[in-house]
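Notes for the structure review
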Amino acid sequence: MIDLKNLTIEKTHDSFKNGVFTCTELVSEYLKVIKEKNDELNVYLEIFSDVLEQAKKADEKFADGSFTLMTGIPIAIKDNILFQGHIASSGSNILKNYTAVYNSTVVKKLKDAGAVIIGRTNMDDGAMGVSTETSAYGVTKNPHDISRVPGGSSGGSTASIAADMALVALGSDTGGSCRQPAAFCGVVGLKPTYGSVSRYGLISMGSSLDVIGAIGKNISDVKIVFDFIAGQDKMDSTSIPLDFYKKKTIDRPTIGVPRAFISEGVDPRVLLNFEEKIKKLQSLNYTVKDVELPYAKYSVPAYYVVTPAEISANLARLDGMRYGYSAEGGNLMEVYKKSRGKGFGREVRRRILLGTYVLSHGYHDAYYNKANAVRELIINDYSKAFKKVDLILTPTTTGPAFKIGEKVNDPVKMYLEDIFTGPANMAGLPAISIPSGFVEEGEKKLPLGIQFMAPHGREDLLFQIGKEFESIKDGP
Amino acid sequence: MNIKDVESLAELARIELSEGEKKEILKDMESILGYIKQIEEVSVGDLEPEYQLKNVWREDELKPQEFSRDLILKQFPDLQDGFLKVKKIL
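Cut-off values and rules
Here the residue numbers are simple positions, counted from 1 along each chain's written sequence. A letter from A marks each chain and a number from 1 marks each ligand, given out in the order of writing. For a predicted model such as this one, the threshold for reporting local features is a pLDDT of at least 70, and the threshold for listing and counting side-chain atom pairs is 80 or more; totals across whole chains, interfaces and linings nevertheless cover every residue. Calculated side-chain values reflect all of the structure's heavy atoms, with hydrogen atoms and water omitted. Under the scheme used here, helices are H or I runs from DSSP no shorter than 4 residues and strands are E runs no shorter than 2 residues, and both carry numbers assigned from the N terminus. Only the C-alpha atoms count toward the radius of gyration. The rule for a globule is 2.2 Å times the residue count to the power 0.38. Burial here depends on accessible area, computed with a 1.4 Å probe over protein chains only, as a share of the maximum for the residue type. Under 20% is buried, over 50% is exposed, and the range in between is partly exposed. Note on areas: these come from Shrake-Rupley sampling with a 1.4 Å probe, and a residue is covered only by the protein chains present in the view. A side-chain nitrogen of Lys or Arg and a carboxyl oxygen of Asp or Glu constitute a salt bridge if their distance falls within 4 Å. Here a residue-residue contact requires only that any non-hydrogen atoms of the pair lie within 4.5 Å. In protein, a polar contact requires one atom able to donate a hydrogen and another able to accept it; more generally it is a pair of N or O atoms within 3.5 Å, and residues adjacent in sequence count only if both atoms are side-chain atoms. Following the grouping adopted for this structure description, the nonpolar residues are Ala, Val, Leu, Ile, Met, Phe, Trp, Tyr, Cys and Pro, the charged ones are Asp, Glu, Lys and Arg, and the polar ones are all others, Gly among them. We treat Lys and Arg as the positive residues and Asp and Glu as the negative residues; His and chain ends play no part in the count. Following DSSP output, two strands are said to pair if at least two bridges run between them. What the bend at a residue measures is the angle between two axes, fitted to the seven residues ending there and to the seven starting there. As used in this record, nonpolar core signifies buried Ala, Val, Leu, Ile, Met, Phe, Trp, Tyr and Cys residues forming a set joined through side-chain atoms within 4.5 Å. A clockwise path from the first strand over the helix to the second, with the strands pointing away from the viewer, defines a right-handed crossover. Only the stretch in contact is used when a helix axis is fitted, and all axes are lines through C-alpha atoms; the angle between N-to-C directions ranges over 0 to 180 degrees. Roughly parallel refers to an angle under 35 degrees, roughly antiparallel to one over 145, roughly perpendicular to one between 65 and 115, and oblique to any angle outside these ranges. Crossing chirality is assigned from the near helix's rotation relative to the far helix, an anticlockwise turn below a right angle marking it left-handed and a clockwise turn marking it right-handed.

Observations regarding the overall build of chain B
Broken down by element type, chain B carries 3 helices and 2 strands. In chain B, the order of α-helices and β-strands from amino to carboxyl end is α-α-α-β-β. Whereas a compact globule of 90 residues would reach a radius of gyration of roughly 12 Å, chain B reaches 23 Å, over 25% beyond that. Dimensions along the principal axes, computed over C-alpha positions, put chain B at roughly 55 × 50 × 25 Å. Expressed as a percentage of the 90 residues in chain B, the buried residues total 24%. Carbon and sulfur atoms make up 51% of the accessible area of chain B, which totals about 7300 Å².

Quick word on the pattern of salt bridges
All chains considered together, the criterion is met by 32 salt bridges over all chains. Among the salt bridges present, the one from Glu60 of chain A reaches Lys56 of chain A, with a minimum N-O distance of 3.8 Å. Taken as a pair, Glu60 of chain A and Lys56 of chain A lie in helix H3 (residues 51–64) at a separation of 4 residues, close to a single helical turn. Overall, the relative accessible area of 41% leaves Glu60 of chain A in the partly exposed class. On the accessibility criterion, Lys56 of chain A (53% relative accessible area) is exposed. Lys337 of chain A serves as the salt-bridge partner of Glu11 of chain B, at 2.7 Å between the closest nitrogen and oxygen. Of this pair, Glu11 of chain B sits in helix H1 (residues 3–12) while Lys337 of chain A sits in helix H11 (residues 332–343), which puts the two residues in different chains.

Some remarks on the interface of chain A and chain B
How large an interface is tends to be reported as the accessible area lost when its parts come together. Taken together, the contacts link 59 residues of chain A with 47 residues of chain B. Between Asp28 of chain B and Arg350 of chain A there is a salt bridge; the shortest N-O distance is 2.8 Å. Linking chain A to chain B there are 14 residue pairs in polar contact (both at pLDDT 80 or more). Among the secondary structure elements, those contributing two or more residues to the side of chain A that touches chain B are helix H10 (299–314), H11, helix H12 (346–359), helix H13 (365–388) and helix H14 (411–415) of chain A. The biggest single contributor to the side of chain A that touches chain B is H13 of chain A, with 11 residues. In terms of residue class, the side of chain A that touches chain B is made up of 33 nonpolar, 14 polar and 12 charged.

Some words on the side chain of Lys78 of chain A
Topologically, Lys78 of chain A is positioned in strand S2 (residues 74–78). One buried charged residue, Lys78 of chain A, remains without a salt bridge, the closest side chain of opposite sign being Asp124 of chain A at 7.3 Å.

Considerations on the pairing of strand S5 (residues 188–191) of chain A
All names here are of chain A. Burial along S5 is two-sided: Val188 and Leu190 and Gly189 and Lys191, pointing in opposite directions, are all buried. By the bridge criterion, 3 bridges tie S5 to strand S10 (residues 431–441) in an arrangement that is antiparallel. Bridged to Leu190 within S10 is Ile432.

Let's talk about helix H2 (residues 23–41) of chain A
All names here are of chain A. Roughly 35° is the biggest bend found in H2, and it falls at Lys35. Restricting attention to buried positions, one finds in H2 the residues Cys23, Leu26, Val27, Glu29, Tyr30, Val33, Ile34, Asn38 and Leu41. Against helix H1 (9–17), strand S1 (44–47), H3, S2 and strand S3 (116–121) lie the buried residues of H2. Looking one or two residues past H2, Asn42 carries a phi angle of roughly 55°, positive in sign.

Side note on helix H5 (residues 155–162) of chain A
Residues and elements named next belong to chain A. Burial analysis of H5 places 8 of its 8 residues in the buried class, the great majority of the element. Of all the positions in H5, only Gly155, Gly156, Ser157, Thr158, Ala159, Ser160, Ile161 and Ala162 are classed as buried. Where the residues of H5 are buried, they touch S1, S2, S3, strand S4 (168–173), helix H6 (179–185) and strand S6 (211–216). With its phi angle positive at about 55°, Asp164 sits one or two positions after the end of H5.

Focus on the environment of Lys109 of chain A
Residue and element names in this part refer to chain A. Tracing the chain through its elements places Lys109 in helix H4 (residues 105–113). Apart from the residues lying within four places of it in its own chain, the contact partners of Lys109 are Phe228, Ile229, Ala230 and Gly231. There is a polar contact of 2.7 Å between the side chain of Lys109 and the backbone oxygen of Ala230.

Focus: the nonpolar core
By size, the foremost hydrophobic cluster in this structure holds 167 residues, and its most contacted members are Met70, Leu170 and Phe452 of chain A. Looking at this core element by element, the count peaks at 9 residues for H13 of chain A.

So, the pairing of S2 of chain A
One face of the sheet, then the other: side chains in a regular strand alternate in exactly this way. Residue and element names in this part refer to chain A. With 5 of its 5 residues buried, S2 lies for the most part within the structure. Here S2 shows a buried face lined by Pro74, Ala76 and Lys78 and a second buried face lined by Ile75 and Ile77. Pairing analysis gives 4 bridges linking S2 to S3, with the strands arranged parallel. Residue Ile77 lies in a different strand from S3, and its bridge partner there is Arg120. Note on the crossover from S2 through H4 to S3: the handedness is right-handed. Pairing of S2 with S4, which is carried by 3 bridges, proceeds in the parallel orientation. Within S4, the position partnered with Ile75 by the bridge is Val168.

Quick notes on the environment of Glu406 of chain A
Residues and elements named next belong to chain A. In this fold, Glu406 is placed in the loop between strand S9 (391–395) and H14. On the basis of relative accessibility, which here comes to 42%, the residue Glu406 falls in the partly exposed class. Along the backbone, Glu406 and Thr396 are 10 residues apart, and their C-alpha atoms lie at a distance of 19 Å.

Looking at the packing of H2 of chain A against H3 of chain A
Residue and element names in this part refer to chain A. Relative orientation of the contacting elements H2 and H3 amounts to 155°, with a least axis distance of 8 Å. Taken as axis vectors, H2 and H3 run roughly antiparallel relative to one another. For the element pair H2 and H3, the recorded crossing hand is right-handed. Residues Cys23, Thr24, Val27, Ser28 and Leu31 of H2 pack against Val51, Leu52, Ala55, Lys56, Ala58 and Asp59 of H3. Split into classes, the residues belonging to the contact of H2 with H3 amount to 7 nonpolar, 2 polar and 2 charged.

These figures come from the coordinates and say nothing about function on their own.
Given below as structure tokens:
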């Protein structure tokens, strides 16, 4: 019996090296847990049939000495990340049995490193959602309380870590989709700097916001995964080299808190937890000061103009012509309309139509151009704030995981979930959600997350403060 | 907004909607547009971005990529002689 709960990448690596257990044994252990829990939790849409073969190859790498730190590490990937020869359905019907014809760069890197890619995790349809409830394959249950959502859109990935069904996972983050579910599931979720991880092979949603993120139980594991997947890629012209942004060592980063922005609509228990954590950071001699982000409150409404616009363009390729669900039709136009009408779920249709609207003649100036201008103001807010402080701290979400069914029928309520996470995507900034405690609801303990944001390229600061925060969060 | 607007958008987006779906979308859109409208109140003025956007080009050279032609063909809804077959365009 391997103690999965307390495993880390480094412990696992040492165990492989010292012959404590083999990768095949470890992966078999995960497969057992998956068999026990997946029917109820609906974390994985598919466990890849070649998992044990991958494990065997990893064991061979340890035998011949050609291993890396990620060799043999069981990792789950979100259903929108392409793995050649395997299905990637983006949580949707329209790509239900779509088989990836090439490898995403991140998968290629993980394969080269010898990681074991266990399976594809459940997600909101087309990555659009905050609860994994819009998935065409049913919701994923939060392992902390199965009557609640795991968050979204990377709910399957974060739940896989919380339920010890993988050691680390990849998600994607366009408006908060790695961080919000990480907070709900009590795990660490990193949204890297835009461009630092290649988007080649990530099914596009909002091309100016999308980024692949790393999810794990602790900062160290998330950092290791990030280090393996980051880097410029000639296949993604929006990707940047690791040294693109200047990095100056900062021993004791100052922390900014946008108090005015945090006041409204936040669960008082979240605010209490947040204030406690600020005091703890101050007791460690971190300077915490107030910062102003006057335009941050427009982030969500502007996001819901810009993102649907980009979605409407990106999803035009899903037309029943070359792959995916293709409906019968009398003529070409009918095939388009019926394939897309039937293949897209409700939230996806909503966003495509909203995007079509804000880009259409007569409206694009008032909406799309305006939203882009507001986006510039938000970027400017953060740029100014980062001249005064080194990090910005907020709660990750306004409350703990909500009940399944509670918000799914109210689009605006769902969209407001992105209030603290959205700005990082609008500005391309790196941000991380770290477990920050629990609230009690009935007999359950529901996780809370706290979010640090850093200037472009400063994931290193997030890891630095993250490690410090991890060591204090449960202390007196 | 009204149903006719929803129908125009659906036409532009090439999405077929049932009557019920059209009504639902209309209701949703009204709610969402009501929310995003607040960006109208932001006065933008002249803002010089601190960064400059630039295009990233590559030479127009043939470079073999790794992908499975076989898997591509297998997933065509209809094919003939190795070509993708679609309905009449003209």
